[in-house]
Amino acid sequence: MLEQWLTQLKAARQRAVFIFSAATADERAHIHARLQALLSDALWLADAAGQYARVHRYRDYLGLTQQHVVMDFQQLIHADALAALAGTVEGGGCLWLILPVHSSPFQQRLCRYAQSYPLVCCFSHWRELIAKLETTPELHLPGANSPGFPSAEQQQLIKKLQEAPKQTHVIVADRGRGKSTALGLAARTLSSAAPLLVTAPQPAAVTTLLQHAGASVQFRAWDKLLHDTKSYGQRLIIDEAAALPLHILKQLIEHYEVWAIATTVDGYEGCGKGFVLRFVAWLQHHADVRMHRLVTPLRWSPADNCEPWLHEVLLLAAPVSESGNARNEVLTLRQCHASELTEEHLRQTMALLLEAHYQSSPNDLRLLLDDSRQRLLLSFYGTTLVGVCWLAAEGPLPVELQAAVVEGRRRVKGELLPQALGFYRQQPQCLNWRWLRVVRIAVAADQRRHGIATAMLGHIADTARNQGFDALGTSFGISAEVLRFWQHTNFRELRRGLKKNPASGSVSAIWGYGLTPRAQHQLQQLGELQTLELAWQQGATIDPVAPDLFAICQAIIKGFVRGFLPLSNVRFAWYLLWLQQRNPVFDYRQSVFDPTVSIAALSQAYAKASRAELEQWLRGEASNFLTQTASRC
Ligand SMILES: CC(=O)SCCNC(=O)CCNC(=O)[C@H](O)C(C)(C)COP(=O)(O)OP(=O)(O)OC[C@H]1O[C@@H](n2cnc3c(N)ncnc32)[C@H](O)[C@@H]1OP(=O)(O)O
Ligand SMILES: Nc1ncnc2c1ncn2[C@@H]1O[C@H](COP(=O)(O)OP(=O)(O)OP(=O)(O)O)[C@@H](O)[C@H]1O
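Bear in mind the structure is a predicted one, so any value in this text is a computation, not a measurement.

J.: Before we move on, can you summarise the nonpolar core with the specific residues and values?
T.: Within the largest apolar cluster, 56 residues are counted, with the highest numbers of intra-cluster contacts made by Met71, Leu95, Leu97, Trp309 and Leu376. With seven residues, the top contributor of residues to this core is helix α3 (residues 79-86). Mapping this core onto the domain boundaries places at least three of its residues in each of domain 1 (2-135) and domain 3 (326-528). Non-local contacts of Met71, meaning those with residues more than four positions away in its chain, are made with Leu45, Ala81, Leu82, Leu85, Leu95, Trp96, Leu97 and Ile98. Within the second largest apolar cluster, 47 residues are counted, among which are Leu417, Val545, Ala622 and Leu626.

Printed below as a string of structure tokens:
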């Protein structure tokens, strides 16, 4: 019976989506077993460990074309993977979703929107699928015209690429528009003495491109390209660019003659419209850029049901509303849970988040709808949404987990602020507080610098105090602009990461302040310590400080002695305490306290074979230091 559907889908180059939402574990297992028997050649991804590819590895399959994709979500619907992999299913194929047994607002949304699309079907029992196939043998789908090979749009693009081989062409399109094919065909005709290089996040992503390009085009992994200085300056194509970190793309542009960059704007993680805006804005200052778009789908027919259903469900194509003269109106603020919003307000909220934060993704929509600890503060001029603040309640952590968190043996999901301060600053009391975290804050581009974000943060502080929260905080990737904004608020920097985030290329920071007296005092001290640490890192002379900070420094050094914290995290606290003592025994070890000396250089200077050996030795020294400090006090 399925064969009959597949034949008709193929002729119409359309796709079907079958969603299974079983109410019991037994029925789910039954559906699973039947599907396994039915679809032996499907790409099957699951969120549980086992015989299948793991859902979080979905990027490995981008750019490929499949007839059947099964996404087996036992625990949680991975909405980013769903958005990305639906686009790999060809016309004539099917997307199969097995949902978790426990329903949720997001899960219900998937099925609710299916009702408007004849080829998107929801079932709670296997027998319902059979009944559907039996009762609807004829689909009455319109015949599909062949787009031609290459299609008219592809031909135009190939011509433009050939005409301007020295320019950097950015090709933006949704999935399956024939980008890779067009690039391959264009590369084949490009006469060049040196081989043309192509890179992408995964080798599989360029399979189609290489098929059409011929032998003169070679794939190279992007990290190899960055290390291989000898090939710098060669001509390069970057495919699936949005799935590469922005700072990597920038380095590739700086070192290579990039001829073409292809990317999707389909909204899976890091791939929203904001990415394209930010990247292209940067690129225009560094290269002679030409923008191109491919609009018509080629992997499936333009009459396809799957893509519009997904766009509607995941709010992927939502444009940011124009706010125009809205500023004449009074600004109103509303705190709510995402599940309480009208569809229009939810759409506007996601549009603003996707535009302002390029790492926003469909998984954020799922979290906002399904998790009761997530809240929103929205600001409106009239009915137009102009600002969004996404808030998450964190802490207190269960008492039985606290020691493990402070010792770095446990990480609990969704508890970023208390855990980071509990662990890196060895402050267990932070784990007992109720925190409210500003996960993201965004104001519509045409309404910025008018105090909207400041007004939202003021409102949040007032309501959080009334609701019994102990502290407000946030964590973000540092950029000069974002720092300037937070410096303008009551928040203070409490900790700065030491390593760059591989995705954003920036270091992250935690900012916050206390609302209750105990949290105010504690966070003020952590803020002072952080201010001094930043000054020390920048080479300023540090004067001995009031004894208030000693207890925090001692706790951090103890965390090092007991093996919880690495040396890099304690050098400043140790230095600050040492400054008070001026203990000559430790003088010869001053380079431990010099932020310009790397850990690798320290290992060398003290003739230690490895970082681990250096740390082991210094743990003993730090322990002696603490004993002596205690005896002096
Ligand atoms: C946890 C996180 O989300 S961190 C990421 C923050 N969000 C983003 O980066 C998304 C894109 N940016 C935005 O949406 C906005 O620019 C925001 C949210 C950062 C600021 O919103 P706005 O409503 O413009 O802030 P607001 O008008 O209240 O600014 C207050 C002060 O912050 C400072 N400030 C704000 N934005 C900037 C900026 N781009 N450059 C320099 N200073 C700034 C200024 O001192 C400003 O006061 P002034 O305008 O009187 O000089
Ligand atoms: N002109 C065409 N006519 C018919 N099929 C085509 C045409 N061009 C490409 N295709 C097919 O459409 C599918 C998508 O093509 P391609 O991989 O080039 O698109 P893409 O936009 O790069 O896709 P993705 O976003 O998934 O990487 C492939 O199966 C390809 O063989």
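Read on, since the account is not over.
J.: Just give me the short version of the environment of Cys430, but keep the residues and values in it.
T.: Residue placement: Cys430 occurs in the loop between α16 (416-424) and β16 (435-443). Along the primary structure Cys430 and Gln419 are separated by 11 residues, whereas in three dimensions their C-alpha atoms are 7.9 Å apart. The contacts of Cys430, once residues within four sequence positions are left out, are Pro418, Leu421 and Trp435.

J.: Pulling in residues and values, what's your account of the sheet that holds strand β3 (residues 53-54)?
T.: Taking strand neighbours across the sheet as the criterion, the six strands line up as β3-β2-β4-β5-β1-β6 in an open arrangement whose pairing is parallel. In the strand order of this sheet, the two ends are held by β3 and β6 (120-123), each with one partner. One ladder, built from four bridges, connects strand β2 (residues 43-46) with strand β4 (residues 66-72); its direction is parallel. Bridged to Ala46 within β4 is Asp72. Relative to strand β5 (residues 89-98), helix α2 (residues 25-38) is tilted by about 155°, and along the sheet it contacts β1 (16-20), β2, β4 and β5.

J.: Outline the pairing of strand β8 (residues 196-199), supporting the account with residue identities and numerical values.
T.: Neither face of β8 is left uncovered, since the one carrying Leu196 and Val198 and the one carrying Leu197 and Thr199 both have all their residues buried. Strand direction decides the pairing type here: β8 and strand β9 (residues 217-219), joined by three bridges, are parallel. What sits directly across from Leu197, in β9, is Gln218. Where the polypeptide runs from β8 across helix α8 (residues 207-213) and back to β9, its parallel neighbour, the crossover connection is right-handed.

Cut-offs and rules
Residues numbered from 1 in each chain as written. Chains lettered and ligands numbered in written order. Predicted model: local features only at pLDDT ≥ 70, side-chain atom pairs only at ≥ 80, totals over all residues. Heavy atoms only, no water. Core = buried A, V, L, I, M, F, W, Y, C linked by side-chain atoms within 4.5 Å. Buried < 20%, exposed > 50% of the residue type's maximum accessible area, 1.4 Å probe, protein only. Helix = DSSP H or I, 4+ residues; strand = E, 2+ residues; numbered from the N terminus. Domains from an automatic or database assignment. Contact = heavy atoms within 4.5 Å. Pairing = 2+ DSSP bridges. Axes fitted to C-alpha atoms, helices over the stretch in contact; angles between N-to-C directions. Right-handed = clockwise from strand over helix to strand, strands pointing away.

Worth remembering: the numbers are spatial, not functional.
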